[in-house]
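# A look at the structure
Now for the letters of each chain:
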Amino acid sequence: MGYPYHVPVMMAEAVDLLNLGPAKIAVDATLGGGSYAREMANRVGSDGTLIALDRDPAAIEASRQLLESALPNIIVRQENFGNLDTVLNEIGISRVDAVMMDLGVSAHQLEDPGYGISFASEGRLDMRMGPDALLSADDLINRWPEAELVGLFKRYGEERWCRRIARRIVESRGRRPIQSAKELSEIVVAAIPPKFRSRRIHPATRIMLAVRAAVNDEEGALTDGLRAAIQRLRASGRLVVIAYHSVEDRIVKTEMNRHSGRCVCEPPVIECHCGKRRAIQILTKKPLAPSQEEIINNPRARSARLRAAERLPD
Ligand SMILES: C[S@@+](CC[C@H](N)C(=O)[O-])C[C@H]1O[C@@H](n2cnc3c(N)ncnc32)[C@H](O)[C@@H]1O
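Every chain is numbered on its own, with residues counted from 1 as its sequence reads. Restriction of local features to residues with pLDDT of at least 70 applies here, the model being predicted, together with a cutoff of 80 or more for giving and counting side-chain atom pairs; totals for whole chains, interfaces and linings are based on all residues. Excluded from the side-chain calculation are hydrogens and water; included are all heavy atoms of the structure.

## What to know about the packing of aromatic side chains
Between two aromatic rings, the relevant description is the distance of the centres plus the angle of the planes. Applied cut-off: Under the pairing criterion, centres of Phe, Tyr and Trp rings, with the six-membered ring standing for Trp, must be within 6.5 Å; the plane angle then separates stacked pairs below 30 degrees from edge-to-face pairs above 60, leaving the rest tilted. We call a charge positioned over a ring when the NZ of a Lys or the CZ of an Arg lies within 6 Å of the ring centre and within 35 degrees of the ring normal.
Taken as a whole, this structure holds one aromatic pair when the rule is applied. Geometry around Phe196 places Arg160 over its ring, the cationic atom sitting 4.5 Å from the centre.

## So, the site of the ligand
Note the cut-off: Proximity criterion: a residue is near a molecule or strand once any of its heavy atoms comes within 4 Å of it. Counted as a polar contact is a pair of N or O atoms within 3.5 Å, where, for protein atoms, one must be capable of donating a hydrogen and the other of accepting one, and residues adjacent in sequence contribute only when both atoms are in side chains. Areas reported as accessible are Shrake-Rupley estimates using a 1.4 Å probe. Residue values count occlusion only from the protein chains shown. Here the term charged refers only to Asp, Glu, Lys and Arg, the term nonpolar to Ala, Val, Leu, Ile, Met, Phe, Trp, Tyr, Cys and Pro, and the term polar to all other amino acids, Gly among them.
Around the ligand lies a shell of 23 residues, among which Gly33, Asp54, Phe81, Asp102 and Gln109 are the nearest. One of the backbone nitrogen or oxygen atoms of Gly33 is found 2.9 Å away from an oxygen atom of the ligand. Starting from 600 Å² of accessible surface for the ligand in isolation, the protein chains cover 98%. In the shell around the ligand, the residues fall into eight nonpolar, 10 polar and five charged.

## Description of a positive patch on the surface
Worth spelling out the cut-off: Grouping into patches uses exposed residues only, defined as over 30% relative accessible area, and leaves out salt-bridged ones; the cut-off is 9 Å for like charges and 5 Å for nonpolar side chains (Val, Leu, Ile, Met, Phe, Trp, Tyr). Salt bridge, as used here, is a side-chain nitrogen of Lys or Arg placed within 4 Å of a carboxyl oxygen of Asp or Glu. Positive charge is attributed to Lys and Arg, negative charge to Asp and Glu, and no charge count is given to His or to the chain ends. By convention, the charge on Lys lies at NZ, on Arg at CZ, on Asp at CG and on Glu at CD. Each helix corresponds to a stretch of at least 4 residues labelled H or I by DSSP, and each strand to a stretch of at least 2 residues labelled E; elements are numbered beginning at the N terminus. Three labels apply to residues, based on accessible area from a 1.4 Å probe with only protein chains included: buried if under 20% of the type maximum, exposed if over 50%, partly exposed otherwise in between.
A grouping of Lys253, Arg262, Arg278 and Lys285 is seen on the molecular surface, where their side chains present a positively charged patch. Relative to the elements of secondary structure, Arg262 occurs in the loop between helix H12 (246-259) and strand S6 (280-282). According to the relative accessible area criterion, Arg262 is partly exposed, its value standing at 48%.

## A look at the pattern of salt bridges
One pass over the structure, following the stated rule, counts 25 salt bridges. Its salt-bridge partner being Arg77, residue Glu90 comes within 3.2 Å of it at the nearest N-O pair. In this pair, Glu90 sits in helix H4 (residues 84-91) while Arg77 sits in strand S3 (residues 74-78), placing the two residues 13 residues apart along the sequence. For Glu90, a relative accessible area of 51% puts it in the exposed group. Residue classification places Arg77 among the partly exposed residues on the basis of a relative accessible area of 28%. Salt bridges here are not isolated pairs; linked through shared partners, they connect Arg124, Asp126, Arg128 and Asp138.

## Re the packing of helix H7 (residues 146-155) against helix H8 (residues 162-175)
To be explicit about the condition: Helix axes are fitted to C-alpha atoms over the stretch in contact, other axes to C-alpha atoms as well, and angles between N-to-C directions run from 0 to 180 degrees. To sort the angles, those under 35 degrees are grouped as roughly parallel, those over 145 as roughly antiparallel, those from 65 to 115 as roughly perpendicular, and the leftovers as oblique. Take the far helix as your reference; a near helix turned counterclockwise from it by less than a right angle gives a left-handed crossing, and one turned clockwise gives a right-handed crossing. By the convention used here, residues are in contact when the closest approach between their heavy atoms is within 4.5 Å.
Contact geometry of H7 with H8 gives a least axis separation of 9 Å together with a crossing angle of 140 degrees. What the angle tells us is that H7 and H8 run oblique. Note on packing geometry: the crossing formed by H7 with H8 is right-handed. Note on element contacts: H8 touches H7 through Cys162, Arg163, Ile165, Ala166, Arg167, Ile169, Val170 and Arg173, opposite Glu146, Leu149, Val150, Phe153 and Lys154.

## Comments concerning the nonpolar core
Inclusion rule: Working definition of a nonpolar core: buried Ala, Val, Leu, Ile, Met, Phe, Trp, Tyr and Cys residues. They are joined through side-chain atoms within 4.5 Å. Each domain's limits were defined by an automated method or a database of domain assignments.
Within the largest apolar cluster, 66 residues are counted, with the highest numbers of intra-cluster contacts made by Met101, Ile141, Phe153, Ile165, Ile169, Val211 and Leu239. Summarising the domain contributions, this core has at least three residues from each of domain 1 (11-108 + 218-311) and domain 2 (134-215). Residues contacting Met101, with those up to four places away along its chain left out, are Ala29, Thr30, Phe81, Leu222, Gly225, Leu226, Val240, Val241 and Ile242. Membership of the second largest hydrophobic core comes to 30 residues, among which are Met40, Ile60, Ile242 and Tyr244.

## Topic: the side chain of Asp56
Tracing the sequence through the fold places Asp56 in the loop between strand S2 (49-54) and helix H3 (57-70). From its side chain, Asp56 meets the backbone nitrogen of Ala58 in a polar contact 2.9 Å long. Residue contacts for Asp56: discarding those within four places in its chain leaves Tyr5, Gln109, Tyr115, Met129 and Gly130.

## Points about the domain arrangement of the protein
Put simply, the rule is: Accessible area, probed at 1.4 Å, shrinks when two parts are joined; the buried area is that loss added up over both.
Taken domain by domain, the protein holds domain 1 (11-108 + 218-311) and domain 2 (134-215). Here domain 1 and domain 2 have C-alpha centroids that lie 30 Å from each other. Contact with domain 1, which involves 11 residues of that partner, is made by seven residues of domain 2. Between domain 1 and domain 2, the buried area comes to about 810 Å², and carbon and sulfur atoms account for 43% of it. Summed over the three residues of domain 1 that lose the most area to domain 2, namely Glu218, His245 and Val247, the buried surface amounts to 56% of that side. On the surface where domain 1 and domain 2 come into contact, there are two salt bridges. For Glu219, the salt bridge goes to Arg155, with nearest N and O atoms at 3.1 Å.

## A word on the environment of Asn216
Considering the arrangement of structural elements, one finds Asn216 in the loop between helix H10 (205-215) and helix H11 (218-232). For the pair formed by Asn216 and Pro131, sequence separation is 85 residues and the distance between their alpha carbons is 9.7 Å. Those residues in contact with Asn216 that sit more than four places away from it in its chain are Arg55, Met127, Arg128, Met129, Gly130 and Ala133.

## Thoughts on the state of the cysteines
Here is the idea: a disulfide is a covalent bond, and it sits between the sulfur atoms of two cysteines. Let me state the cut-off plainly: Note on terminology: disulfide denotes any pair of cysteine sulfur atoms within 2.5 Å.
Counting across every chain of the model gives zero disulfides. Not part of a disulfide, Cys272 finds its nearest cysteine sulfur in Cys274, a span of 3.7 Å. Taking the relative accessible area as the measure of exposure, Cys274 reaches 11% and is therefore buried.

Right under this line is the structure:
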């Protein structure tokens, strides 16, 4: 495996919160470079079971050998965690003790130009994390109607300049197709008036995240994955999720609230219809953030927000 495939974020805090111990059954839903999985495997020991999933075949290939030699009871699957329910049915496991989701992309996916994800990538505009994604960023950026681009940038990117950006994209692709993430990010930056360009983050960040999220149906997978995880946890089992941007974190917060018995209907609420139920207790009143020291050592950790919950008895 090339080093570093991925520097893990908030690992000590997250794995402690999973409350693992000998003979437990744990799921690492986002295997990546396998650092979390190795630590989880150590904690469940040789009597335990670790189920490790990633939708990216490169992550599976990079980590499988290392993990399979470290733990006899490890099941590694190239799968979208949105299908967690089906995977557990196929393996024949009904309840688990812990589920870990360390969302987003790995450093490997960001840095390898083949994924076409990072701002600097001159490779083909792609952004698919795995072959299960139904469309590529090329399909979306060069074919979606302008109004749909505006809707995506507004909703998922929370981008104030969504109309101008969509217009510039449509104008540019009218001359010739937009070919790379670098080209796309340059068009986005040019569409934002200079005095409104963020100096804190790359000004195209929100748009790039929105495109990546749509390409990989990150919202759908996360909602399905969280619901399956909560349903499959044993009483006192733990769910820990680390999100890297606000829209993703809001989905985690809303699903956790809904399953902790809090109403998540949009106000005004005349009659609750959100399907709230009391299945979990939230352990993190506010999301945990990485320490300053971790951010200095690994700046990519800075946007991480960790939320944890414990399953209540049925
Ligand atoms: C931040 S990295 C995880 C890093 C990992 N914790 C480690 O220790 O190296 C996120 C990983 O989750 C995977 N991923 C993202 N969304 C996924 C999904 N819906 N299903 C399965 N894997 C997913 C990505 O392919 C990537 O490898």
